[in-house]
Each structure stands twice: as structure tokens, then as C-alpha cells.
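# Fold and geometry: a report
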Amino acid sequence: MPQDTDRNPAEPGLFALAAAASLSSSQHSTAPVFDCQSCGACCSYSAEWPRFSTEEDAQLDRIPEKYVAANLSGMRCEGVRCSALSGEIGKSTACGIYEVRPDVCRACMPGDDDCLMARRAHGLPTS
Ligand code: SF4
Ligand code: SF4
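By the naming in an unreviewed UniProt entry, the chain is Fe-S oxidoreductase, taken from Mesorhizobium kowhaii.

Take a look at the structure:
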């Protein structure tokens, strides 16, 4: 999956910020909190998901070419799985370009609708 020097040490997926999840929890939200590092479902849900949108060119230039789709529209996927994702869905995963992942990846949060849809598709708990 990843570019060794950029391997995400602590967080994963189309991912989510654990900090946001913690904040949500501390605010007594009823939203479920999941461990993205033990998931990765949203990074292996649809080849249409990890697309480029509002990124600056400089940010996109930092994504290794091997992970970029041939038409430059987003991340290269193998089936529905982002090529930058490593590990086993539902067990242990990581993003190989975490620091420069696309904006849509930053937007997906544990427990939100997209997260739950992806987790459901992989047979992972949603509550
Ligand atoms: S770049 Fe790929 S592996 Fe990384 S967060 Fe986005 S979809 Fe997941
Ligand atoms: S599906 Fe949800 S819990 Fe799983 S990696 Fe994505 S945001 Fe995190």
C-alpha cells in the first residue's frame, strides 16, 4: 500500500480524525465511534470516492504518481480499493499518503453516513 516514508502512523482511511471522534464522544454525542485503523472500509468502498476536488495543485503534486488514476481524476483504485490503502479491512489498515490524502478523505468521519455505509458493505458493526 503505502509509501513507506509517509505511512500513516496513527490514523487511516478515507479517514477520519480520531481527535474528532474523541471530541464527539466527550460531547456525549450518540454517534458511534470507530477505530479507523481497525477499519479502512471507506477506502475500499467505491472507486468513485477518493476523487480530487478542492486540492491545491501543490498538494496533488505530492501524491506519488503510482497512486493516481490514469485520468488524474483521483486516486488509482484496484477494483473499489484505493491503491494507497494497506492492510486488511476490518482488522488493521493504513493510508500510504496520509499527510497528503485527498480532501474527500479528510471529510469522511467515523460514524457519519458515508462511514456507516462503507462499514455496512464490509459487514462491520455500525453501532
Ligand atoms: S488516499 Fe486512499 S487510503 Fe488514503 S484515506 Fe484516501 S481512500 Fe483511504
Ligand atoms: S469507514 Fe469509518 S471507521 Fe472505517 S476508516 Fe472510514 S471513517 Fe474510519
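For helix α4 (residues 113-121), the full list of buried residues reads C115, L116, A118 and R119. The buried residues of α4 occupy one face: seen down the axis, they fall within an arc of 165°.

Let's shift gears to the nonpolar core. Counting residues in each nonpolar core, the largest one holds 27 residues, and the members touching the most others are C42, A84 and C95. Secondary-structure elements contributing two or more residues to this core are β4 (92-95), α3 (103-107) and α4. In terms of residue count, the dominant contributor to this core is α4 (three residues).

We now examine the environment of I63. Within the element layout of this structure, I63 appears in the loop between α2 (57-61) and β1 (77-78). Along the primary structure I63 and V100 are separated by 37 residues, whereas in three dimensions their C-alpha atoms are 6.5 Å apart. With near-sequence residues (within four places) excluded, I63 lies in contact with V68, I97 and V100.

The phi dihedral of L72 falls on the positive side, at around 65°, and the residue is not glycine. Given 10 C-beta atoms within 10 Å, L72 falls into the exposed group.

Further remarks concern the pairing of β4. Consecutive side chains along a regular strand alternate between the two faces of the sheet. With four bridges connecting them, strand β3 (residues 85-88) and β4 associate as antiparallel partners. Paired with G87 across the bridge in β4 is T93. Count of turn residues in the β3/β4 antiparallel hairpin: three residues, of which G90 carries a positive phi of about 85°.

Fine structural detail should not be taken from predicted coordinates in areas where pLDDT scores are low. Summary statistics for the chain give a mean pLDDT of 83 and a share of 76% for residues scoring 70 or more. Every residue in residues 1-12 is under pLDDT 50, and counting partners more than four places away or in other chains gives 37 contacts. Low pLDDT, under 50, characterises residues 16-28; the stretch is placed with 16 contacts to residues that sit more than four places away or in other chains.

This part covers the environment of S38. Position of S38 among the secondary structure elements: in the loop between α1 (18-26) and α2. Overall, the presence of 15 C-beta atoms within 10 Å leaves S38 in the partly exposed class. Residues S38 and G90, 52 residues apart in the sequence, show an inter-C-alpha distance of 5.4 Å. Excluding residues within four positions of it along the chain, S38 makes contact with K91 and S92.

Parameters at a glance
- Residues numbered from 1 in each chain as written.
- Chains lettered and ligands numbered in written order.
- Predicted model: local features only at pLDDT ≥ 70, side-chain atom pairs only at ≥ 80, totals over all residues.
- Buried ≥ 20, exposed ≤ 12 C-beta atoms within 10 Å, placed from the backbone.
- Helix = DSSP H or I, 4+ residues; strand = E, 2+ residues; numbered from the N terminus.
- Arc of directions from axis to C-beta.
- Core = buried A, V, L, I, M, F, W, Y, C linked by C-beta atoms within 7 Å.
- Contact = placed C-beta atoms within 7 Å.
- Pairing = 2+ DSSP bridges.
- pLDDT = per-residue confidence, 0-100.

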